[in-house]
Amino acid sequence: MQSDQQIQQPIQPAGEEEASLRGQLEGYLIYWKWFALSVFLCIALALLYLRYATPQYSVSASIMIKDDKKGGITSELSAFQDIGLFGNVTNSVDNEIEVLKSRTLMENVVKNLGLNIVYFVKGSIRTSEAYKNAPIHINFSIPDSVLYKTDTTFTVKINTDSAFTLLDEDNNAVGEYNFGEKVDSDIGSMTILPRFHSLEELSSREVDVVIKPLAKVTLKYRDKIEIAPTGQNTSVIQLKLGDAVKQKAEDILNTLIEQYNIDVVADKNLISENTARFIEKRLALIESELGEVEQSAESFKESNQLTDIAAEAGIVLDNASDYAKRIVEAETRLQLTNFLIEYLADIEDNSVLIPANVSMEDNSVGPMIMDYNKLVQERNRLMRGSTENNPVIVNLDGQIAAQRQTIKQTLNNVKSSQRISLNELKQQEKLLSSKISSVPGQERKFRGIQRQQQIKETLYLYLLQKKEETAISLEVTAPNSKIIDSAYGSDIPVSPKKAIVLLGSFVLGLLIPFGVIYLKDLLDTKVQGRKDIEGKLSVPFLGDIPKSHSNEEVISMGSRTSAAEAFRILRTNLDFMLANADRDKAKKIFVTSTLSGEGKTFVSINLAGTLALSGKKVLLIGMDIRNPKLVEYLEMPHGRGITNYLTNGGADIRDLIFKFSDQEHKNLDVLASGAVPPNPAELLMNDKVGSLFAELEGLYDYIVVDTAPVSLVTDTLLISKYADVFVYVCRAGYLDKRLLGIPENLYKERRLPNMAILVNDTDSKKGYGYGYGYGYGQETKQPWWKRFAKR
């Protein structure tokens, strides 16, 4: 066993560490040409993609919702809070985002911009969308209701400055027409107008016209647009949209914001408009009643011939004037309260608003009415994109009904309180009236008429004032949002991003061969070289024979191939293993393998030839008598061999040995296996096998024996006792790693004496070490594509 350990040192590469990072890296670097080719192809495809891909641009805009809760400004109606009916009005940013995302709002945008009709200009490689710079424009004579449901495509081929050809969806010619001429088509009448001055300015003469249904286009852009607040504690909303045409994306966002503000202003004006109509009706009624009261005063004075009655009771009336004034104010408030109660009694529809600024002093009713109008306004806005069965609408209806009932109850309470106050004032007035008993009855009657006149005048002037205030509110209603940044997009497309695509293609170019190589190695169950043997088996490693691309089967004296150098190293290593062998007898080297086809015959022949080239007398024996290969390799005549010796008791072994005629192989003799016997195992158990080796030991320095595979037959094990050393051949890329247990068990059980493993047919470019030949090989030069494929 000492010799076994000594053999390991000369062939151990310096600094090798199994499964080291460097070893793994070198395993991939040998395929560097494949990596370079893969990276080159991926980058070329990436450049081709960047050249012809349609770029996408990102456009963004930001607006601030005027919301008291999140830092916005107050409602425009806050200027009239002194009236007593307006409380704090706030807008929910989340609700406004939902409104901005509504289908109705986006549908109006699509209609305004005509996005359901798209023009595409055909290029040599790709077709690009022409937004506002399309070479033609089409005016349709069909109703919008029909156009908005149309889904079709046709092509306009410009022939001259004044004529064009119309092609249908299947690219079949429909007819040739002049620009401006009315064209009848399947979808209806249309007129095609040119937007170019000369044919030279056209990049392409073919324009594809795509018409999509309005609903489909609306949903497309509603899903594409991104709307979100910029932060939790802000009312600023950012809108984003990506599209292949930057100008179109900017127009969509700007039009969406504009349409949103228009709708909000219209919603806000509903309150003022409803209030204005209410005031107009009340003014007409009060004006009629005031005329009747003034006519009564005039008739009373004429009938009683009165001019200035107040002078007679001036002192008393001065004391009672304060109560009279307060009674007038109390009755005015009571009548306004009655007006609101009558108005509420007729309201059953949850979409009707309540007049806001008709109260004089009471502050409890105003906030309720403002909250009620806010709920009605929110319900009307949501009803545009929803139905009455929507849970949100149902919830709002409940809130509106409850709020309306609360307002009614509150007004009734206010009315009762006003009546009590009025009765108390009248009681005080009666006390004063008793003090003016000397005043003529005419004066008392006239004061009643005059009081009614003052009440009507005060109420009339108050309604006129509120009419002007309402008119002002209609003129100064501000939008619900303030535009912070209009829609803007960079000229640099967001996709495809050149740097990312190129980087990704570079990485992909590395990953593809890496993955292929990794999977190939992962799925590879074959022995590939020294790394699969050393450290995993206790069997000594004798060496490896690299793959040879030369045509020689037997190594010659002047051979400098890597395989020849490997056999010379093998010869040196065997001397270490045979150090304890008997020097007076031939050293018997048996060569075997696990399976057939692993190259044991090739190794046997070249090992014997290498030993013979050193000046030693060598005999090569073919003892694989079941499947003899020596004759085929050496092109020997098919004659008798060892089987003839074993079956014929009188045969002389010297007569069966073949000698080469050339001078280079004069030291190499061959004993062929002979005819294939019917009982090879029994034949090898013959005692004459021992006599054979005893006779030949004195005639040669080395005896190299080509034996049968150990996993298939028992022949080798029957004659293993005659060997001085066993060379166990494992072929790289051929033997399954799972079969390495066979040589391991044979070594541990000592069934093959002085056994060592030799790896055959290895790739020196993939294995450890530095290869063989040191650059002086004479291997045949292969075509470049074969050499490239092997990398």
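It should be noted that the structure appears before, not after, this text.
As for the environment of Ser38
Structurally, Ser38 can be placed in helix α4 (residues 32-52). Apart from the residues within four sequence positions on either side, Ser38 is in contact with Leu508, Gly509, Ile512 and Pro513.

A few points about the sheet that holds strand β2 (residues 117-122)
The sheet built from six strands is open, its strands ordered β3-β2-β10-β5-β6-β7 with antiparallel pairing. Because the sheet does not close on itself, it has two edges, and the strands there are β3 (127-130) and β7 (173-178). When the angles between neighbouring strand axes are averaged without regard to direction, this sheet yields 30 degrees.

Remarks on the sheet that holds strand β11 (residues 226-229)
Here four strands make up an open sheet; going across it, the order is β11-β12-β1-β13 and the pairing antiparallel. Every interior strand has two partners, whereas the edge strands, β11 and β13 (481-489), have only one. For this sheet, the mean angle separating the axes of adjacent strands, direction not counted, is 15 degrees. Across six bridges, the pairing between strand β1 (residues 57-65) and β13 is antiparallel. Residue pairing in the sheet places Val59 in a bridge with Gly489 of β13. Sitting on the sheet, helix α8 (residues 214-224) is in contact with β11 and β12 (236-243), with an inclination near 120 degrees to β12.

Some details on the packing of aromatic side chains
Counted according to the given criterion, the structure contains 11 aromatic pairs. Consider the rings of Phe164 and Tyr177, whose centres lie 5.9 Å apart with planes at 35 degrees: the pair is tilted. With Phe164 in strand β6 (residues 163-167) and Tyr177 in strand β7, the pair connects residues that are 13 residues apart, well separated along the chain. By the burial criterion, Phe164 is buried, and Tyr177 matches it. A ring pair is formed by Phe179 and Phe196, whose centres lie 5.8 Å apart and whose planes are at 75 degrees; its orientation type is edge-to-face.

Regarding the environment of Gly609
Residue position: Gly609 is located in helix α16 (residues 600-613). On the basis of relative accessibility, which here comes to 1%, the residue Gly609 falls in the buried class.

A closer look at the packing of α4 against helix α14 (residues 498-523)
For the pair α4 and α14, interaxial distance at closest approach is 8 Å and the crossing angle is 145 degrees. The two elements α4 and α14 cross, and the hand of that crossing is right-handed. For the pair α4 and α14, the contacting residues are Trp34, Phe35, Ser38, Val39, Cys42, Ile43, Ala46, Leu47, Tyr49 and Leu50 in the first and Lys498, Val501, Leu502, Ser505, Phe506, Leu508, Gly509, Leu510, Ile512, Pro513, Phe514 and Ile517 in the second. Class assignment of the residues belonging to the contact of α4 with α14 gives a composition of 18 nonpolar, three polar and one charged.

Focus: the pairing of strand β21 (residues 755-762)
Taking burial as the measure, the eight residues of β21 include eight buried ones, the bulk of the element. Relative to β21, strand β14 (residues 541-546) runs parallel, the two sharing five bridges. Residue pairing for β21: Asp544 is matched across the bridge by Val759. The parallel pair strand β20 (residues 725-731) and β21 is bridged by helix α23 (residues 741-748), and the resulting crossover is right-handed.

Scoring rules and cut-offs
Residues numbered from 1 in each chain as written. Predicted model: local features only at pLDDT ≥ 70, side-chain atom pairs only at ≥ 80, totals over all residues. Heavy atoms only, no water. Helix = DSSP H or I, 4+ residues; strand = E, 2+ residues; numbered from the N terminus. Contact = heavy atoms within 4.5 Å. Pairing = 2+ DSSP bridges. Axes fitted to C-alpha atoms, helices over the stretch in contact; angles between N-to-C directions. Phe/Tyr/Trp six-rings, centres within 6.5 Å; stacked < 30°, edge-to-face > 60°. Buried < 20%, exposed > 50% of the residue type's maximum accessible area, 1.4 Å probe, protein only. Left-handed = near helix turned anticlockwise from the far one by under 90°. Nonpolar A, V, L, I, M, F, W, Y, C, P; charged D, E, K, R; others polar. Right-handed = clockwise from strand over helix to strand, strands pointing away.

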